[in-house]
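Coordinates in review
One letter stands for each residue in the lines below.
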Amino acid sequence: MSDISEKIKNAVSVSVKEAFGEECPDQMVMVERPRDPKMGDFSTNIAMRLAKALHKKPVDIANELVGVLRNNLPEASDISVAGPGFINFVISSSALTDVINVILNMGNDYGKSESGKGEKVLVEFVSANPTGDLHCGHARGAAWGDALCRIMDEAGYQVTREYYVNDAGNQIDMLAESMYSRYCELYGVEYPLPENGYHAQDIVEVAKKIKEKDGDRWLNKDKSEWEDYFKDEGIEMKLDVIRQDLDLYRVHFDEWTHERFFYQNDAERIKKVIDDLRSKDLVFEQDGAVWFRSTQFGDDKDRVLRKNTGLLTYLTPDIANHVYKFERGYDTLINLWGADHHSYVKRMKCAMEALGYDADRLQVDLIQMVRMVSNGVEVKMSKRTGNAITIRELCEDVGVDAARWFFVSKELNTQMDFDMDLAKQKNNDNPVYYVQYAYTRMFNILHKEGTPEFRSVEHYDLLSDPKEIELTKQIAEFPKKVEEAAKHRAVNRICNYCYDLAKLFHSYYNSCRVNDPSNPELTNQRLGLVNAAMITMKNALDLIGVSAPEKM
């Protein structure tokens, strides 16, 4: 067991049973590193948590536990009681440094666990309409969603990444109309461009590609002949661009589910959703429209499924989509939606409950707004195109690493300012530079000319400097941090971990001489520690899709 905190947890559980005859499940035992290292290496508040059940003062419980714990935790060189009942542990340096060989042996697998227990999870994110380029508003959700999937994969969940393509409805009708107008324009033929259509230059480019491919085949044709073709071509061409931009951004999807799929086969899936709700007396007709009685499940008002025009609302195929997700056997559905979908979450959960599914298995994380800032002023438009800044432009401007880091370093439910100037800086003020520079330092130490080749040893008993002990404790906690980030869907915790690891390493580097020719054994053990720290940092950065550069 590489994580010393897990050993402490087990020892506490066993000791509580021995001392008081009480069962103490793992989830009840909290083990943390004290903010002040003088208080010890680890601490637990288990005495406070047991006080009510045992009808004793926490400090008395703690004092009784200490004697038992000393027998059950040989790795501890000292166990003491502090304050109102905290139990503090000082771990022997040899026990702490055992993690180095664990990391060296596991390599790229260090950080993996089975905490997710194989739970099948479907994560839907980005899902932007295929009518334009992905912009910075999509970039936050793309980086967060991809990092979340990487972290959950690492923690033992079975994760599927899904992009839901909104390729039905009025916006796609307008896309086809706009493309056909631009296509006709290329031949000097007038076809009105819809006022609420798409006027951007990229539509012209798609029209040019159709002209190159098909010539004048579609000129002066009835709409019924060209509409579906222009929809298909437009959607596919726009999706190609989206895929290319996401590929640049290191984001990939396992499945692309199309809204149009639910309109196929005479919309059987949609029809079944409405019929199932009707069979439960949860559908009614009013003013020519078909309504869902969502108020019976806590919604603030009933929702329209089919308008009096005969057209479906966006909600209806999306209900069918979520039913389809459950039908595919996923235990949990996670959606990353924009903050403007706040009220939509409730109605979708109502629909799932109405159809007999556990609404709690649908989890939705809302993505708050991002402001792109330069020189303290919000930047809304690209200087190059005059349109919204695209993901591709952002990656070219500040780099993929900085873009991803900045978007996942803040909690998803908070609005954020993306400082474009800071993201481009090549100094320690830029957090991603600071972290990557730590990795580069580690790599250079190990590969610098004149550095002796590392030899594996059984124990690292010469590592006793406080700086290297703190560094060792940090790398030992990595698997636990991954488990917690996956469980709480808190991607930013991995950024925090990387930054803390970089800070400890920079401090260690400035305090301790790694390659000391006068002490080759100490040098060798310190090289082992640096190697383990480098592996840990690389694995952590990979979880958030940020590179670990060997040179900067």
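Residues numbered from 1 in each chain as written. Predicted model: local features only at pLDDT ≥ 70, side-chain atom pairs only at ≥ 80, totals over all residues. Heavy atoms only, no water.

A look at the overall build of the protein
Stated formally: Secondary structure elements are defined from DSSP: runs of H or I of at least 4 residues count as helices, runs of E of at least 2 residues count as strands, and each element is numbered from the N terminus. Relative accessible area decides the class of each residue, using a 1.4 Å probe on protein chains only: under 20% of the type maximum gives buried, over 50% gives exposed, and in between gives partly exposed. Note on areas: these come from Shrake-Rupley sampling with a 1.4 Å probe, and a residue is covered only by the protein chains present in the view. Counting rule applied: Lys, Arg positive; Asp, Glu negative; His and chain ends not counted. For the purpose of locating charges, the reference atoms are NZ of Lys, CZ of Arg, CG of Asp and CD of Glu.
Per the secondary structure count, the protein includes 20 helices and 15 strands. Dimensions along the principal axes, computed over C-alpha positions, put the protein at roughly 85 × 60 × 40 Å. Split into buried and exposed, the 552 residues of the protein put 53% on the buried side. Here the protein has roughly 25,700 Å² of accessible surface; of this, 45% comes from carbon and sulfur atoms. Taking the 70 positively charged and 90 negatively charged side chains of the protein as two groups, their mean positions are separated by 3 Å.

What to know about the pattern of salt bridges
Selection criterion: Each salt bridge in this description consists of a side-chain nitrogen of Lys or Arg and a carboxyl oxygen of Asp or Glu lying within 4 Å of one another.
For the coordinates displayed, the defined rule picks out 43 salt bridges. Between Arg33 and Glu477 there is a salt bridge, with its nearest N and O atoms 3.4 Å apart. With a gap of 444 residues between them, Arg33 in the loop between β1 (31-32) and β2 (42-44) and Glu477 in the loop between α17 (466-476) and α18 (478-487) connect regions that are remote in the sequence. What makes Arg33 partly exposed here is its relative accessible area of 22%. On the basis of relative accessibility, which here comes to 6%, the residue Glu477 falls in the buried class.

Quick word on the packing of aromatic side chains
For the record, the criterion: Any two rings among Phe, Tyr and Trp, with Trp reduced to its six-membered ring, count as a pair given centres within 6.5 Å; such a pair is stacked if its planes are under 30 degrees apart, edge-to-face if over 60, and tilted if neither.
Across all of its chains, the model carries 31 aromatic pairs by this definition. Measuring from ring centre to ring centre gives 6.0 Å for Tyr229 and Phe230, while their planes differ by 75 degrees; the resulting arrangement is edge-to-face. Residue Tyr229 shares its accessibility class with Phe230, and that shared class is buried. Their ring planes at 10 degrees and their centres at 4.8 Å tell us that Phe326 and Tyr357 sit as a pair that is stacked. One end of the pair, Phe326, is in helix α11 (residues 315-327); the other, Tyr357, is in the loop between α12 (342-354) and β12 (362-367), with 31 residues separating them in the sequence. Residue classification places Tyr357 among the partly exposed positions, given a relative accessible area of 23%.

Considerations on the nonpolar core
Put simply, the rule reads: We call a set of buried residues a nonpolar core when its members are Ala, Val, Leu, Ile, Met, Phe, Trp, Tyr or Cys and they connect through side-chain atoms within 4.5 Å of each other. What makes two residues a contact is simply this: any of their non-hydrogen atoms within 4.5 Å.
In this structure, Tyr249 and Phe418 are the most contacted members of the largest nonpolar core, which totals 115 residues. When residues of this core are assigned to their parent elements, the largest contribution, 12 residues, is made by helix α20 (residues 520-543). The residues contacting Phe418, other than those within four sequence positions of it, are Val370, Arg371, Met372, Val373, Leu394, Val398, Ala402, Ala403, Phe406, Phe407 and Ala423. With 34 residues, the next largest nonpolar core counts Leu305, Ile319, Phe326 and Ala351 among its residues.

Comments concerning the sheet that holds strand β15 (residues 416-419)
One key point about sheets: their strands pair by backbone hydrogen bonds, in either a parallel or an antiparallel sense. Spelled out, the test is: Strands qualify as paired when DSSP identifies two bridges or more between them. Angles here are taken between N-to-C directions and fall from 0 to 180 degrees, while the axes themselves are lines fitted to C-alpha atoms, restricted in helices to the stretch in contact.
Reading across from one edge, β14-β13-β15 is the order of the three strands in this open sheet, with mixed pairing throughout. Only two strands of the sheet have a single neighbouring strand rather than two, namely β14 (377-378) and β15. Taken together, the two bridges between strand β13 (residues 370-374) and β14 define a ladder with antiparallel strand orientation. Counterpart to Ser374 in the pairing with β14 is Val377. Contacts from helix α14 (residues 400-408) reach β13 and β15 within the one sheet, and its direction differs from that of β15 by about 160 degrees.

Structural notes on the sheet that holds strand β8 (residues 283-286)
With respect to topology, three strands assemble into an open sheet ordered β8-β9-β10, the strand pairing being antiparallel. The open sheet is flanked by β8 and β10 (303-306), the only strands paired with a single partner. Averaged over all pairs of adjacent strands, the angle between strand axes in this sheet comes to 45 degrees, irrespective of strand direction. In the sheet, strand β9 (residues 289-292) pairs with β10 via three bridges, with the strands oriented antiparallel. Counted as the bridge partner of Val290 is Arg306 from β10. The strands that helix α10 (residues 264-279) touches are β8, β9 and β10; relative to β8, the one it contacts most, it runs at about 100 degrees.

Remarks on unusual backbone geometry
Backbone geometry places Val126, a non-glycine residue, at a positive phi of 65 degrees. Summarising the element assignment, Val126 is placed in the loop between β5 (120-124) and α6 (136-154). With relative accessibility at 16%, the residue Val126 sits in the buried group. The phi torsion at Asn375 lies on the positive side, around 55 degrees, for a residue other than glycine. Under the relative-accessibility criterion, Asn375 is labelled exposed at 68%.

Here we look at the pairing of β13
Buried residues dominate β13, accounting for four of its five residues. Where β13 and β15 come together, four bridges link them in parallel fashion. Each bridged residue has a counterpart across the sheet, and for Met372 the counterpart in β15 is Phe418. The turn linking β13 back onto β14 is made up of two residues, and Asn375 within it adopts a positive phi angle of 55 degrees.

Side note on the environment of Leu65
You can see Leu65 is positioned in helix α3 (residues 58-72). If sequence neighbours within four positions are ignored, Leu65 has contacts with Ser15, Val16, Ala19, Phe20, Ile46 and Ile87.

What about helix α2 (residues 46-54)?
In an α-helix, one turn spans 3.6 residues; hence positions three or four apart end up facing the same way. For clarity, the cut-off: Note: the arc covers the axis-to-C-beta directions of the helix.
Residues Ile46, Ala47, Leu50, Ala51 and Leu54 constitute the buried set of α2. Looking down the long axis of α2, one finds its buried residues gathered within 145 degrees of arc, a one-sided arrangement. Buried residues along α2 sit against α1 (4-20), β2, α3 and β4 (86-91).

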